[in-house]
Amino acid sequence: MSTQDPQDRLPLTHLTYHVLLALADADRHGYAIIKEVEARTDGRMELETGTLYAALKRLKDDGFIESVPASARPPGEDRRRRTYRLTPLGRRVLRAESERLAKVLAVAQEKHVLAAGRG
C-alpha cells in the first residue's frame, strides 16, 4: 500500500493493534512483545511465536514498524535478538485506531451497553 493516510489502514486486527501498542512506549524484541501483550491483556491474549513473527513481517512490509539497528540498541543487549520500533506511519496508524476505538466505546457508553444491571 502506498497511501500515508492512517485512516485508509483502518480498522486494524486485534493482533496488529496489540503489537503496535506494545511498541508505543519502547523498542522491543519478539519475546518482549509477547510478554507485553500478555500483560496488557491480563493474559487473555497469548501470542504464539509463529503468529507474532508473521505479524511482524507484515507490519514491516506495511511500513508500520522497522528493525532497530544493532548500533542503536542499549549496550549489553543481546545482539542476536531483532528489536523493533514504530515508524512515524505506524505511530499515526496506532493513534488513528485508538481514536476510532474510543469513539466506538463512547457510543457503547451512550447507549448504556456497559451499564450495570442491564440485560
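Criteria and thresholds
- Residues numbered from 1 in each chain as written.
- Predicted model: local features only at pLDDT ≥ 70, side-chain atom pairs only at ≥ 80, totals over all residues.
- Heavy atoms only, no water.
- Helix = DSSP H or I, 4+ residues; strand = E, 2+ residues; numbered from the N terminus.
- Buried < 20%, exposed > 50% of the residue type's maximum accessible area, 1.4 Å probe, protein only.
- Contact = heavy atoms within 4.5 Å.
- Areas by Shrake-Rupley, 256 points an atom, 1.4 Å probe, with all protein chains shown as cover.
- Polar contact = N/O pair within 3.5 Å; in protein donor to acceptor, adjacent residues only side chain to side chain.
- Pairing = 2+ DSSP bridges.
- Axes fitted to C-alpha atoms, helices over the stretch in contact; angles between N-to-C directions.
- Parallel < 35°, antiparallel > 145°, perpendicular 65-115°, else oblique.
- Salt bridge = Lys/Arg side-chain N within 4 Å of Asp/Glu carboxyl O.
- Nonpolar A, V, L, I, M, F, W, Y, C, P; charged D, E, K, R; others polar.

1. Regarding the overall build of the protein chain
The helix and strand tally for the protein chain stands at 4 helices and 3 strands. Ordered by position from N to C terminus, the α and β elements of the protein chain give α-β-α-α-β-β-α. Counting the 119 residues in the protein chain, one finds 34% classified as buried. For the protein chain, the proportion of contacts with a sequence separation of at least 24, taken over those separated by at least 6, is 55%. For the protein chain, the computed accessible surface area is about 7700 Å², with 51% contributed by carbon and sulfur atoms.

2. Some details on the side chain of Arg28
On the secondary structure map, Arg28 appears in strand S1 (residues 28-29). For Arg28, the side chain forms a polar contact with the side chain of Asp25, separated by 2.9 Å. Setting aside chain neighbours within four positions, we find Arg28 in contact with Ala22, Leu23, Ile33, Glu36, Arg82, Thr83 and Tyr84.

3. A closer look at the pairing of strand S3 (residues 83-86)
As judged from the 2 bridges shared by S1 and S3, these two strands associate in the antiparallel manner. Bridge assignment links His29 to a residue of S3, and that residue is Thr83. Relative to S3, strand S2 (residues 65-67) runs antiparallel, the two being bridged by 3 bridges. The residue of S3 that forms the bridge with Ser67 is Tyr84.

4. Topic: the side chain of Thr87
Looking at the element boundaries, Thr87 is found in the loop between S3 and helix H4 (88-110). Those residues in contact with Thr87, other than ones at most four positions away along the chain, are Gly63, Phe64, Ile65 and Glu66.

5. Considering the sheet that holds S2
Strand order across the open sheet formed by 3 strands is S1-S3-S2, with antiparallel pairing between neighbours. In the strand order of this sheet, the two ends are held by S1 and S2, each with one partner.

6. Comments concerning the packing of helix H1 (residues 14-22) against helix H2 (residues 30-40)
One can describe the packing of H1 onto H2 by two numbers: an axis separation of 9 Å at closest approach and a directional angle of 105°. As far as their axial angle goes, H2 and H1 are roughly perpendicular. Two secondary-structure elements touch here, H1 through His18, Val19, Leu21 and Ala22 and H2 through Ile33, Glu36, Val37 and Arg40.

7. So, the pattern of salt bridges
Here the structure, examined in full by the defined rule, presents 9 salt bridges. Residue Arg28 is joined to Asp25 by a salt bridge in which the shortest nitrogen-to-oxygen separation is 2.9 Å. Exposure remark for Arg28: the relative accessible area of 14% places this residue in the buried category. Glu36 is the salt-bridge partner of Arg28, the closest N and O atoms lying 3.4 Å from each other. Of the two residues examined, Arg28 and Glu36, each falls in the buried class. The network of salt bridges with shared partners includes Asp25, Arg28, Glu36 and Arg40.

8. Side note on the packing of H1 against helix H3 (residues 49-61)
Orientation of H1 relative to H3, taken along the N-to-C sense of each, is 80°, at an axis distance of 11 Å. In terms of orientation, H1 lies roughly perpendicular with respect to H3. Judged by residue contacts, Leu15, Thr16, Val19 and Leu20 of H1 engage Thr51, Leu52, Ala55, Leu56, Arg58 and Leu59 from H3. Across the contact of H1 with H3, the residue classes break down as 7 nonpolar, 2 polar and 1 charged.

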